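Each chain, written out:
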Amino acid sequence: MTISRSRGLFITLEGIDGAGKSSQFDAMVAELRSLGRSVVATREPGGTPLGESLRELLLTQDMSTSTEALLVFAARQEHVLKVIEPALLRGHDVVCDRFTDATLAYQGAGKGIPRDRLEALAYWVHPGLTPDLTVLLDVPAATAAQRLRAQSRQADRFEREPEEFFTRVREQYLELAREQADRWCVIDASRELGEVRQDILQNLKKRL
Ligand code: TMP
């Protein structure tokens, strides 16, 4: 493997379902590439063939909360070893749609797994790997629910959770952002798409 002299940036995008992550993710990747940066765009759960199979199970199959958390970390282990770390070492930026903060928010605050248990798994799976920048698309759970209802496709297993679940997930994200303010960039994503995009891109440029 060619080791680059400078490691790439690890950038993650987070937010509750219905925050509008997908289109903003594409815009972030396009902006970084237009600035001449080499970008690996990926997602969690997923990002490897095995990870994508685990994603399918996570989104469709009934399972206990601990099985869910362990599958999320199993997928992440593959992703970190086979995609994220090699790319960063070669000097590419990695832009990842969700990472471990999503587990602290969804399986932790959302589903009640103690944070220290999830942090122990995170330490096992990716010791020393923390995003350099995490963009949080923040919206109230009610706004996100309205957006999800307007979609034509069927809701997946997570999207079917009640509004209170997403309120807890959102609160946890905001708490994580307060704890590590240097790493996080909180964007008000209740605004119109174009405005949100401008805000993200301006913040991205400032942090590069
Ligand atoms: P996505 O729709 O943003 O691609 O994410 C799929 C779902 O997976 C989303 O509802 C959040 C959930 N998820 C977790 O519950 N824990 C995690 O660690 C990750 C990465 C995603």
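About the criteria used
- Residues numbered from 1 in each chain as written.
- Predicted model: local features only at pLDDT ≥ 70, side-chain atom pairs only at ≥ 80, totals over all residues.
- Heavy atoms only, no water.
- Helix = DSSP H or I, 4+ residues; strand = E, 2+ residues; numbered from the N terminus.
- Expected span 1.5 Å × (residues − 1).
- Buried < 20%, exposed > 50% of the residue type's maximum accessible area, 1.4 Å probe, protein only.
- Contact = heavy atoms within 4.5 Å.
- Pairing = 2+ DSSP bridges.
- Axes fitted to C-alpha atoms, helices over the stretch in contact; angles between N-to-C directions.
- Near = heavy atom within 4 Å.
- Polar contact = N/O pair within 3.5 Å; in protein donor to acceptor, adjacent residues only side chain to side chain.
- Areas by Shrake-Rupley, 256 points an atom, 1.4 Å probe, with all protein chains shown as cover.

Q: Please explain helix H7 (residues 163-179) as it appears in this structure.
A: Every α-helical turn comprises 3.6 residues, leaving residues that sit three or four positions apart pointing alike. Across its 17 residues, H7 extends 24 Å between first and last C-alpha, which sits within 8% of the 24 Å expected from 1.5 Å per residue. Among all positions of H7, only Phe165, Phe166, Val169, Gln172, Tyr173, Leu174, Leu176 and Ala177 are buried. If you follow the buried residues of H7, they end up packed against strand S1 (10-15), helix H4 (100-110), helix H5 (115-125), strand S4 (133-138), helix H6 (141-150) and strand S5 (184-188).

Q: Help me understand the side chain of aspartate 97, please; the structure alone is not making it clear to me.
A: Counting through the fold element by element, aspartate 97 comes out in strand S3 (residues 93-97). Residue classification places aspartate 97 among the buried residues on the basis of a relative accessible area of 12%. Ignoring any residue separated from it by four or fewer positions in sequence, one finds aspartate 97 in contact with Leu13, Lys21, Phe25, Thr42, Arg43 and Glu44.

Q: Where do I start with the sheet that holds S3 in this structure?
A: One open sheet holds the five strands; their spatial order is S2-S3-S1-S4-S5, and the pairing between them is parallel. The strands lining the two open edges of the sheet, one partner per strand, are strand S2 (39-43) and S5. For this sheet, the mean angle separating the axes of adjacent strands, direction not counted, is 20°. The sheet contact formed by S4 and S5 spans five bridges and is parallel. Counterpart to aspartate 138 in the pairing with S5 is aspartate 188. With respect to the sheet, H7 is in contact with S1, S4 and S5, its orientation differing from that of S5 by roughly 135°.

Q: Help me out: how do you make sense of the site of the ligand in this one?
A: Neighbouring residues of the ligand: 14 residues in total, closest Lys21, Arg55, Arg98, Thr103 and Gln107. Between the ligand and arginine 55, the relevant distance is 2.8 Å, taken from an oxygen atom to a side-chain nitrogen or oxygen of the residue. Within the side chain of arginine 98, a nitrogen or oxygen atom sits 2.6 Å from an oxygen atom of the ligand. In the complex, the protein chains occlude 94% of the 480 Å² of accessible area that the ligand would expose alone. Listing elements by their share of the shell around the ligand, those giving two or more residues are helix H2 (49-60), helix H3 (65-89) and H4. No other element matches H4, which puts four residues into the shell around the ligand.

Note that every value here comes from positions in space, so none of it alone points to a role or purpose.
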